[in-house]
Amino acid sequence: MLIITDRLTIGQITFIVRVVIQILAYGGLFLLGSIILSHSPRTAPIETHDVLNRIVGKSTSTSSSLKWIVKRVFRKNRDPSPSSYLLVALILSLCYGLFVSLSDVGFIGFFSCEIPGPPFQDVPASVRSESHARTLVESYMLNGTDPSSVNSYRCDAAQDHVFGVNVTERLCTAWRNSTYGDSSGFRILNSTDSDVLMPTNLGRYNTTRKDIFDLNNYFLGASGEIVPNPTIKLGLAVAPHETGVRMVVGVPQLTKHQKVVVPKTLALEVDIGCMGLGMIGQEDTSSLFGRAKDYFLPDDLYKSTRMAKYTGPDNLRDPLAKAADSVRDLMRPWYNSSNVVPGAGYWQSYNSSYSQYSWQTQAAAWWPPSINGVQNADLARFILGNCSEEVHQKLNVAIPSESVKKLPAACALYQMRGSFFVDQGAIQGHSEMVCATTTQVNMVQATLEVDGEGRLTTELNRLPSDLHIVTASYFDIQPSSTGDTMFLEFDPIERYTLSDNAAGNTQHFIYQRYSLGTTTNGLNHGPGSMGPLFSQIGAAMLGVSSLDDTTLTMINSTYFSADTFSTSVVTKWAGGVGASYILASTGYNAWAALGSAPVTVLSTGGKLATCYNQRYSAAFLPLVLAAIAVMCWSLGLLVSSKVKSTKKLENMYGGLAPTIVTPFPGRPHADTILVWEEGTDPHLKPVFNGGMPLPGPEFEMLVPSANTSYPGYGMEK
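Residues numbered from 1 in each chain as written. Predicted model: local features only at pLDDT ≥ 70, side-chain atom pairs only at ≥ 80, totals over all residues. Heavy atoms only, no water.

**Re the overall build of the protein**
Looking only at helices and strands, the protein has 15 helices and 36 strands in total. Among the 717 residues that make up the protein, the fraction classed as buried is 50%. For the protein, restricting intrachain contacts to residue pairs at least 6 apart in sequence, the fraction spanning at least 24 positions comes to 76%. Summed over its atoms, the accessible surface of the protein is roughly 33200 Å², and 54% of this surface lies on carbon and sulfur atoms. (Helix = DSSP H or I, 4+ residues; strand = E, 2+ residues; numbered from the N terminus. Buried < 20%, exposed > 50% of the residue type's maximum accessible area, 1.4 Å probe, protein only. Contact = heavy atoms within 4.5 Å. Areas by Shrake-Rupley, 256 points an atom, 1.4 Å probe, with all protein chains shown as cover.)

**Some remarks on the packing of aromatic side chains**
Enumeration according to the criterion identifies 24 aromatic pairs in this entry. Judged by centre distance (6.5 Å) and plane angle (80°), the rings of tyrosine 295 and tyrosine 346 are edge-to-face. Taken together, the residues tyrosine 295 in strand S16 (residues 293-296) and tyrosine 346 in the loop between strand S17 (335-340) and strand S18 (347-349) connect sequence positions 51 residues apart. Seen from their ring centres, tyrosine 612 and phenylalanine 620 are 6.4 Å apart, and the 35° between their planes marks the pair as tilted. Residue phenylalanine 620 is classed as buried on the basis of its relative accessible area of 15%. Each member of the aromatic cluster is reached from another via a ring pair, and the members are Tyr153, Trp175, Phe213, Tyr474 and Phe490. Sitting over the face of the ring of tyrosine 302, arginine 328 holds its NZ or CZ atom 3.9 Å from the ring centroid. Seen from the ring of tryptophan 367, arginine 381 lies directly overhead, with NZ or CZ sitting 4.4 Å from the centre. (Phe/Tyr/Trp six-rings, centres within 6.5 Å; stacked < 30°, edge-to-face > 60°. Lys NZ or Arg CZ within 6 Å of the ring centre and 35° of its normal.)

**A word on the sheet that holds strand S27 (residues 524-526)**
Across the sheet, 3 strands lie side by side as S10-S11-S27; this open sheet has antiparallel pairing. Either end of the sheet is taken by a strand with one partner, and the two such strands are strand S10 (202-204) and S27. On average, adjacent strands in this sheet sit at an angle of 30° to one another, irrespective of strand direction. Across 3 bridges, the pairing between strand S11 (residues 216-218) and S27 is antiparallel. Bridge pairing links asparagine 216 to glycine 526 in S27. (Pairing = 2+ DSSP bridges. Axes fitted to C-alpha atoms, helices over the stretch in contact; angles between N-to-C directions.)

**Topic: the packing of helix H10 (residues 531-542) against helix H12 (residues 567-585)**
Between H10 and H12, the least distance of the axes is 9 Å, while the angle of their chain directions is 140°. Accordingly, the angle class assigned to the pair H10 and H12 is oblique. Here the hand of the crossing between H10 and H12 comes out right-handed. Here Leu533, Gln536, Ile537, Ala540 and Met541 of H10 come into contact with H12, specifically with Ala574, Gly575, Val577, Gly578, Tyr581, Ile582 and Ser585. Grouping the amino acids of the contact of H10 with H12 by side-chain chemistry returns 8 nonpolar, 4 polar and no charged. (Parallel < 35°, antiparallel > 145°, perpendicular 65-115°, else oblique. Left-handed = near helix turned anticlockwise from the far one by under 90°. Nonpolar A, V, L, I, M, F, W, Y, C, P; charged D, E, K, R; others polar.)

**Things to note about a nonpolar patch on the surface**
Residues Leu8, Phe15, Ile16, Val19, Val20 and Ile23 make up a contiguous nonpolar surface patch of roughly 520 Å² in combined accessible area. Within the secondary structure, isoleucine 23 sits in helix H1 (residues 10-38). Relative accessible area serves as the criterion here: at 56%, isoleucine 23 is assigned to the exposed category. (Patch = residues over 30% accessible without salt bridge, like charges linked within 9 Å, V, L, I, M, F, W, Y side chains within 5 Å. Salt bridge = Lys/Arg side-chain N within 4 Å of Asp/Glu carboxyl O.)

**Thoughts on the side chain of threonine 567**
Position of threonine 567 relative to the elements: it lies in helix H12. By relative accessible area, which is 6% here, threonine 567 ends up buried.

**Examining unusual backbone geometry**
The backbone of serine 126 sits at a positive phi, close to 55°, despite the residue not being glycine. On the accessibility criterion, serine 126 (13% relative accessible area) is buried. You will see that asparagine 396, though not glycine, has its phi angle at about 55°, which is positive. Inspection of the secondary structure puts asparagine 396 in the loop between helix H9 (376-394) and strand S20 (411-422).

**Observations regarding the state of the cysteines**
Should the sulfur atoms of two cysteines be covalently bonded, the bond is a disulfide. Under the criterion given, the structure shown has 4 disulfides. Covalently, cysteine 113 is tied to cysteine 611 through a disulfide, its sulfur atoms 1.8 Å apart. In this structure, the disulfide formed by cysteine 113 and cysteine 611 twists by about 65° around the S-S bond and is classed as right-handed. You can see cysteine 113 sitting in strand S3 (residues 110-115) and its partner cysteine 611 sitting in strand S31 (residues 607-612), a full 498 residues away along the chain. (Disulfide = S-S within 2.5 Å.)

**Things to note about the environment of alanine 157**
With respect to the secondary-structure elements, alanine 157 resides in strand S6 (residues 155-164). Along the chain, alanine 157 and alanine 174 lie 17 residues apart, while their C-alpha atoms are 5.4 Å from each other. Residues contacting alanine 157, with those up to four places away along its chain left out, are Leu171, Cys172, Thr173, Ala174 and Val470.

**Some thoughts on the packing of helix H8 (residues 317-331) against H9**
Remark: H8 packs on H9, axes separated minimally by 9 Å, with the N-to-C direction vectors making an angle of 170°. Between H8 and H9, the interaxial angle falls into the category roughly antiparallel. Taken together, the residues of H9 that come into contact with H8 (itself represented by Asp318, Pro319, Leu320, Lys322, Ala323, Ser326, Val327 and Leu330) are Asn376, Leu379, Ala380, Ile383, Cys387, Glu390, Val391 and Lys394. Here the residues of the contact of H8 with H9 are counted per class, giving 10 nonpolar, 2 polar and 4 charged.

**Considering the nonpolar core**
Counting 64 residues, the largest nonpolar core has Leu197, Met247, Val441 and Phe534 as its most contacted members. Counting residues per element, this core draws most heavily on H12, which supplies 8 residues. Apart from the residues lying within four places of it in its own chain, the contact partners of methionine 247 are Leu197, Leu236, Ala237, Val238, Leu266, Ala267, Leu268, Phe534 and Ile582. If you look at the next biggest cluster of nonpolar residues, it comprises 35 residues, including Leu277, Leu297, Trp347 and Tyr354. (Core = buried A, V, L, I, M, F, W, Y, C linked by side-chain atoms within 4.5 Å.)

**A word on the pairing of S17**
Pairing analysis gives 3 bridges linking S17 to S18, with the strands arranged antiparallel. Within S18, the position partnered with asparagine 336 by the bridge is glutamine 348. Hairpin connection of S17 to S18: 6 residues between the antiparallel strands, including glycine 343 at a positive phi of 85°.

Okay, here's the thing in C-alpha cells:
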C-alpha cells in the first residue's frame, strides 16, 4: 500500500491525475505530430501523403496508419526514401491513444485509508489550562461546593501516641494542608503518589463542631452496575480482567487509534481467586411436586477436581483450599451421606434447600445456615479471618500499627445463583465458593492503546521501587456526659508513594482491611484521602451482598443463562465490581495534572487519507514511458533545429486536403509517387523514376481526407 496524501480526497486526486493524463495525451500527440512531420519524406507514395494529411488534419487516421505500418513492416510497399523514424513515430502515435485508455485501469488502485496522525504532548486527564483544571476540580465537588471551602490534608509522617489505657492513636507529625481551590500544594505531586487522587463527590461536612474539628464527606463505593470493559476516565485507566482489575494513574484521555506510554506511574492491581466448595442446590421448577434440594460432593471426589476448577492467582490456592475444607466441615451435617445421587456421587441434604434462588444469573455474599443450633455464620467469620491472616503472611504484607490496623479482609464466601434447562425442564440452581483477593501498589511503565473500535488494551511493565506507606488516624475528641473522653474515629489518612530503587521489589502487596460494603447507605466521613480506596477495594469486591443494588449483583439478567456455575464467571464479574468501585469514587486531581510532565500520545491510525494499491500502477507505466520517449525525442529535434521545418510542412498538409497537380485526368494509382512542389502555391506532383515530375497537361485534385473515395480524384481507402 502506498500513501498518497492525507489532505486530498479520492475525487480530488482522481481529478488531478486525469488532468495530468490529459496533458500527457494532448501534449504527447502534439509532439508526436511534430516528430512525424520532422521525419516525413518530401517524395513518397500518395498513400504516405494521405496518412500524413490525416495526421495533420486530425481526421481519422488510425486505420490508414495501421495499414501503412503493416505494409512497411512486412515489406509489401517501399518508399523511394524510406524512414525508419517515421515508422517508429507512427507506431508510437497509434499506441499513444491506447496507453491513454489503458491508464484508466490505474484509477482502480485509489482507495480511502486510515493513517497515523502526528504525535502530540498531553498530561493526565488531558487538562489543557488552569481554567480547565479549575472547572474539573469544581466538577468533583458536591452540589456546587466551592473548592476553596474544602480543606485538603496531606501527611508526610506519622507515629503512635498513647492517650490513655487502651487508647492509642497514630498521629500525623508532618502536615501539608491547603484547600482544593489552591493549586500550589498539588502541582508538586507526581503520579507515583496516591495523593494525586481525590474524591469525585466531595464536600465539607457541616457539623456543630465545624469551627473546632474539620470534616469532609465523600462517596466511596461502586455505582449501580459493574464496569465490564477497560476504560479511561478522569486521568485513570481502569482495566477489569478475568481475575481482577488494574488501575493506572496519570493517563491522558485517549480516543480511537491513539497510544501512549507512561514511563513511570503508580498502578493499583487487585487479583481475585475463587475455589468451589463442592456444594450445589437445584430446584426443578417444571415439577408440580418437586422441591429444592442441596447436594454435597464427598471429599474423595471433591479434592481430586477442585484445583482444576480453581480460578485465580497461584498464591491464593493454598489459603483458599484450607478455608474451603473448614467451611465444608461446618456444612457436612446438613447432608445425608447414605443418600447418594446415582452416577454423580453427591450426598443429598436431609431437608429442603437452605438457599435463595434466582432466574437471573447473580453472585452475592453467602453465609452458612445454622445447623442443630450451631451458629455457623459466626464460625465462618472466624475461618475467613484466619484465611485473611494467612493471605497476608504468605505475601509478606507489612501489617499496620495496631492503632490503625482494623480487621483484615481478604477472604469471603460467595454464592452464584441462576437458572438453566435440563432437557425440557427449567432448573434453578446455586453453587457456593470461597474467594480471596490480593492488592498491590507498584511502580510501572504503562502502555495503553485504543483501537479503531474504541477498545482499550493495557500492558504493564513493573519497575523496581520502594513503597512508602503513611497511615494516620483522623478522629475527634469529645467530652461525654459521664465525664469521659470519647474518640470518634473517621476514615484515616492513607498515603502510598513510590520511589526509584534499582534493587527494590517489583511487587508491593498491601494490607487489606475491612470495608463497610461495596455500596453504602451514606457518604464516608474523614479527611478525603483516597488511600482507603487502595486498602478497601479488595474487601469491596468480596462484599457484594443481596442487600446491595440488585444491578450490581447481576452477572447476566437473561433467564436460563447460567449454563455453568464456574468460578471463572465470578472472578471476571468481581473485576467489573472493582472497576465500578474505582471509577465511581475517585479521579485525578486536575491541579496535580497541571504540574505533571507531559507524555507523548502517538496516533496509530484513524486519519483519513488517499492510498494506492501499487499493483495497478502498471497501467500508468506505458503512458509515462511513451510520454518520456516523446519528450526526449522532441528535445532532440529541438536541439537539431528540425522542428522549425515541420511548421511549413504542416501548413502544406493543412486545410481540407493538399492540392495535387497531375498531367492526366482521373484518380492516381495508390502506388503513384508524389513530390512536393514548393512556391507561392505549394502542391504535390507525380514523379517517375524516383525523381522527375511527369510531363503533360495538368489537372488539379485533392488527396482524400475521409475513408470514402470520390470519382475523378483521390484514392480508395
